[in-house]
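# Survey of secondary and tertiary structure
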Amino acid sequence: MDFFLQQCINGLTLGGFYALIALGYTMVFGVIQLINFAHGEFFAAGGYMGVILLSFCASMGFLETHPLLCLGGSMLLAMGYCAMLAMAVEKIAYMPLRRASRLSMLLSALGMSIFLQNGLMLTQGVYSKSYPTVFTNKVLHLGNVSISYMQIMTLALTAGLLVGLNALVFRTRIGTAMRATAQDKVMSALVGINANRVISMTFAIGAGLAAAAGIMVGMYYGTVRYDMGFVPGIKAFAAAVLGGIGNITGAMLGGLIIGLVEIFAAAYISGEYKDVFAFIILIAMLYFRPTGIMGENVDDTRV
Amino acid sequence: MQRIITKALVLSALCVLLISGTAVAKTLKIGTLSPITGPYAADGNDIKNGAVIAAEIFQQKGLLKGFDKIEVVSEDSACDPRQAVAAANKLLSQGVAFVDGAYCSSATIPSSEVLNEGPIPMITPASTNPDVTLRGLKYMWRMCGIDAHQSKSAVEFMAKVLKAKTVFIIDDKTTYSQHLAEYVAEAAKAAGIQVLAHDHVNEGDMDFSAVLTKIKQANPDVFYMSLQNSAAGIPFIKQLRQAGVKAQVLSQDAVYHPQFIEKAHDAAQGVYFTFGFIDDTTEMYKTFLKAYTAKVGGQPGGYAFYSFDAAWTMLTAVSKAGSTDPEKIRAEMMKMDMPGVTKRIKFDQNGDSGSNYIIQVVKGDKFVNYYDPSTGKFY
């Protein structure tokens, strides 16, 4: 039982990361029907911004005195940076192709992904970078189940970001505009919504969330590497499809499911099969329910 | 028109001069094959640098016979069988005299087939899988040890020094790591150590929490970490300490790298490694280290030493043979018996140079010699 609970916590932490990344895929797809394959690179860029900023804090000695301030500041800056990066990518690689066929945009996205990953490799080097220890490895013991503070913090932050995003999309003006654009671009333009601005915002928000995930992954696992965006990017994409692409709640659910399935496959079958099971779930879902878990009410809630 | 023709004539004359100028100076082209990009680039660059420095010192000492200078051609194997084969073909077409490489056994094995068909002699500084030399290839040599010996040393250390009753084994499913893990599992069983589990992770994984929870629950005396590279070892050991696994950790030569200590400093303390014994008091060692610090800077990884020896040995063979004829190089290689940086260089008929694995431990900022399984003595 303890083993099971411990693996649940592991799975939720991993799933939370996938959910944060998956949101970017799903939101962009909702608005311009593009699978943004460069999205995983925003996650990697966020991880790198985090390590640069936190190392800077550590070298100034702030990290020991004000850990939360450093972390919060780094996270906001990294999210802002990635948001701007995503907006730039959208302007350069996707906007000129908005009227072209979908395939052109998809290829442009793949190219952008390769470009960004190699850019990261050339500027930051091929070696992995170590995160400075923000919090000591304190562990909370509940019976035989142990949760590290790091895990609690990542879980709490992930939950906070997810709730925040929900509020943003369903309660604010920009959220309403996003949903309107997703439903009907022409009609929303007729009622005075600036589609370009909405699309830009969607990219920015998605990349910001991915950047937050990047920092948390870096802190949680200890290192970042230039190619770290690829595999989680693919898994998060799978999560988005699993939840019903275009649907925000679906992406969150999909992320958690993929995370949990992966951990349980590793825990109860074998570590080598964890990716296999993550994708078996996806294939099975697509076979029996091609729209994904939340695919039905796609018109009401998608962004 | 006249002018253009004159110009063209003058230009072509210049070109001929340039070409003949380079042709007069006889250049010996040698190749390196290692992962220069990608996650294994740390070791790959060590291999490249080792060969470059060997070529430099070899020339400086005036040991080069029959050629005027050495040119090192470095190709990227990316630790990928397909790319390694493409890179080997590229080296083949460039007409290198021999190839020093590759790093991952999974890349060395297919690329050696291509090179042996060339034929171009190949010497690996780092691939420890037995199949690298046991396929009967005529022009294949190995500077490092073999996994069959490495696993034996590892298990001896577990049984005699760590007094282990149980072991938990992990590998990341590469040709190298999986076979080594299997040898360790076999040897452990034979030595009366119970193998609690032999689990796998995937190459390039970031999250090891599920497997770590399993290890924690199994509570083994020793945890054997068989991974392809320090790039995987760093996050693994960090997460292992965070998960509170109490077992002693034993790892192997591929994870052995200064990066491992640098990037996982606190978590790395007390981790044991099997690695070939390198005598750091010899003249050759000091010469190499000095040249390395001057040229590259910092502390070389273990395979820089082996790559230096590999290139040095081949250069000696080429110089003695006075030609790049593979047959003559082979004859010289088989006669070879000389001191190197890592060991006394001498090959058996398979092209192996023997293993001399010892146990090292991470202490502070460096690896420290700890135990020699062949003599049963501590350092």
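Residues numbered from 1 in each chain as written. Chains lettered and ligands numbered in written order. Predicted model: local features only at pLDDT ≥ 70, side-chain atom pairs only at ≥ 80, totals over all residues. Heavy atoms only, no water.

Take the overall build of chain A next. Scanning chain A from terminus to terminus reveals 13 helices and 4 strands. Rg of the C-alpha trace for chain A: 19 Å, near the compact-globule value of 19 Å for 303 residues, within the 12% margin. Taken across its 303 residues, chain A has 55% of its residues classed as buried. Approximately 12,800 Å² of chain A is accessible, and the part contributed by carbon and sulfur atoms is 70%. (Helix = DSSP H or I, 4+ residues; strand = E, 2+ residues; numbered from the N terminus. Rg over C-alpha atoms; globule rule 2.2 N^0.38 Å. Buried < 20%, exposed > 50% of the residue type's maximum accessible area, 1.4 Å probe, protein only. Areas by Shrake-Rupley, 256 points an atom, 1.4 Å probe, with all protein chains shown as cover.)

This part takes up the overall build of chain B. Within chain B, the secondary structure is distributed over 13 helices and 15 strands. Against the compact-globule benchmark of 21 Å for 379 residues, chain B has a radius of gyration of 23 Å, which places it among compact chains. Seen along its three principal axes, the alpha-carbon backbone of chain B occupies a region of about 90 × 45 × 40 Å. Taken over 379 residues, chain B has a buried fraction of 58%. Across chain B, contacts joining residues at least 24 apart in sequence account for 69% of those joining residues at least 6 apart. Accessible surface, chain B as shown: approximately 15,000 Å² in total, 54% of it carbon and sulfur. Within chain B, one finds 38 positive and 38 negative side-chain charges whose respective centroids are separated by 4 Å. (Contact = heavy atoms within 4.5 Å. Lys, Arg positive; Asp, Glu negative; His and termini not counted. Charge placed at Lys NZ, Arg CZ, Asp CG, Glu CD.)

Residue and element names in this part refer to chain B. Strand order in this open sheet of 8 strands is β7-β6-β8-β9-β10-β13-β14-β15, and the pairing throughout is mixed. The open sheet has two free edges, formed respectively by β7 (194–200) and β15 (377–378), since each of these has just one partner strand. Bridge analysis of strand β6 (residues 166–171) against β7 gives 6 bridges, and the strand direction is parallel. When the bridges of β7 are listed, I169 appears paired with H198. Seen against the sheet, helix α5 (residues 147–160) touches β6, β8 (222–226), β9 (248–251), β10 (272–276), β13 (357–363) and β14 (366–372) and runs at an angle of roughly 60° to β13. (Pairing = 2+ DSSP bridges. Axes fitted to C-alpha atoms, helices over the stretch in contact; angles between N-to-C directions.)

Next up on the list: the domain arrangement of chain B. Residues and elements named next belong to chain B. In terms of domains, chain B is made up of domain 1 (27–146 + 280–355) and domain 2 (148–278 + 358–378). Between the C-alpha centres of domain 1 and domain 2 there is a distance of 27 Å. Contact with domain 1, which involves 27 residues of that partner, is made by 22 residues of domain 2. For the pair domain 1 and domain 2, the two sides together bury roughly 1,800 Å², of which 54% comes from carbon and sulfur. If you look at where domain 1 meets domain 2, you find 0 salt bridges. (Domains from an automatic or database assignment. Buried area = accessible area lost by both parts, 1.4 Å probe. Salt bridge = Lys/Arg side-chain N within 4 Å of Asp/Glu carboxyl O.)

Glancing now at the pairing of β10 of chain B. Residue and element names in this part refer to chain B. Buried residues dominate β10, accounting for 5 of its 5 residues. Going residue by residue along β10, you find Y272, T274 and G276 tucked away on one face and F273 and F275 tucked away on the opposite face as well. Of the strand pairs in this sheet, β10 and β13 are connected by 5 bridges, and their pairing is antiparallel. Residue pairing across strands places G276 opposite Y357, the latter belonging to β13.

With that settled, the discussion passes to the interface of chain B and chain A. With 28 residues of chain B at the contact, the number on the chain A side is 35 residues. Between chain B and chain A, the buried area comes to about 2,700 Å², and carbon and sulfur atoms account for 51% of it. The largest contributions to the chain B side of the interface with chain A come from M206, D207 and Q242 of chain B, which together make up 24% of the buried area. Across the contact surface, chain B and chain A share 2 salt bridges.

Once that is clear, we can look at the packing of aromatic side chains. How two aromatic rings sit relative to each other is set out by the distance from centre to centre and by the angle between their planes. Residues and elements named next belong to chain B. Enumeration over the complete set of coordinates arrives at 35 aromatic pairs over all chains. Arranged with centres 5.6 Å apart and planes meeting at 15°, the rings of F223 and F236 form a pair that is stacked. Linking F223 in strand β8 with F236 in helix α8 (residues 230–242), this pair joins segments that are 13 residues apart in sequence. For F223, a relative accessible area of 0% puts it in the buried group. Between F308 and W312, the aromatic rings sit 5.4 Å apart at their centres with planes inclined by 25°, giving stacked as the arrangement. Of this pair, F308 and W312 both sit in helix α12 (residues 302–321), separated by 4 residues, roughly a single helical turn. (Phe/Tyr/Trp six-rings, centres within 6.5 Å; stacked < 30°, edge-to-face > 60°.)

Quick look at the pattern of salt bridges now. Enumeration according to the criterion identifies 18 salt bridges over all chains in this entry. We note a salt bridge from E262 of chain A to K235 of chain A, for which the minimum N-O separation is 3.1 Å. In this pair, E262 of chain A is assigned in helix α11 (residues 248–268) and K235 of chain A in helix α10 (residues 230–243), connecting sequence segments 27 residues apart. Neither E262 of chain A nor K235 of chain A differs from the other in exposure class; each is buried. Here D205 of chain B makes a salt bridge to K274 of chain A, at a shortest N to O gap of 3.2 Å. Pair noted here: D205 of chain B is in the loop between β7 and α7 (209–218) and K274 of chain A is in helix α12 (residues 274–288), and the two residues belong to different chains. Neither residue differs from the other here; D205 of chain B and K274 of chain A are each classed as buried. Several salt bridges converge on common partners, so that one network encompasses K235, E262, K274 and D275 of chain A together with D205 of chain B.

The next subject is the state of the cysteines. All names here are of chain B. What the rule picks out here adds up to 1 disulfide over all chains. Disulfide pairing places C79 opposite C104 at an S-S distance of 1.9 Å. Disulfide C79-C104: torsion about the S-S bond near -110°, hence left-handed. Here the residue C79 occupies a position in the loop between β2 (69–76) and α3 (81–94), and C104 occupies one in the loop between β3 (99–101) and α4 (105–117), the gap between them amounting to 25 residues. (Disulfide = S-S within 2.5 Å.)

Glancing now at helix α2 (residues 41–60) of chain B. With 20 residues, α2 of chain B extends 28 Å from end C-alpha to end C-alpha; this agrees with the ideal 28 Å at 1.5 Å per step. Immediately beyond the C-terminal end of α2 of chain B, within one or two residues, lies G62 of chain B, with a positive phi of roughly 70°. (Expected span 1.5 Å × (residues − 1).)

Residue and element names in this part refer to chain A. Here α10 spans 20 Å end to end across 14 residues, near enough to the 20 Å set by a 1.5 Å rise per residue. α10 sits mainly inside the fold: 11 of its 14 residues count as buried. A positive phi of about 100° marks G244, the residue just after α10.

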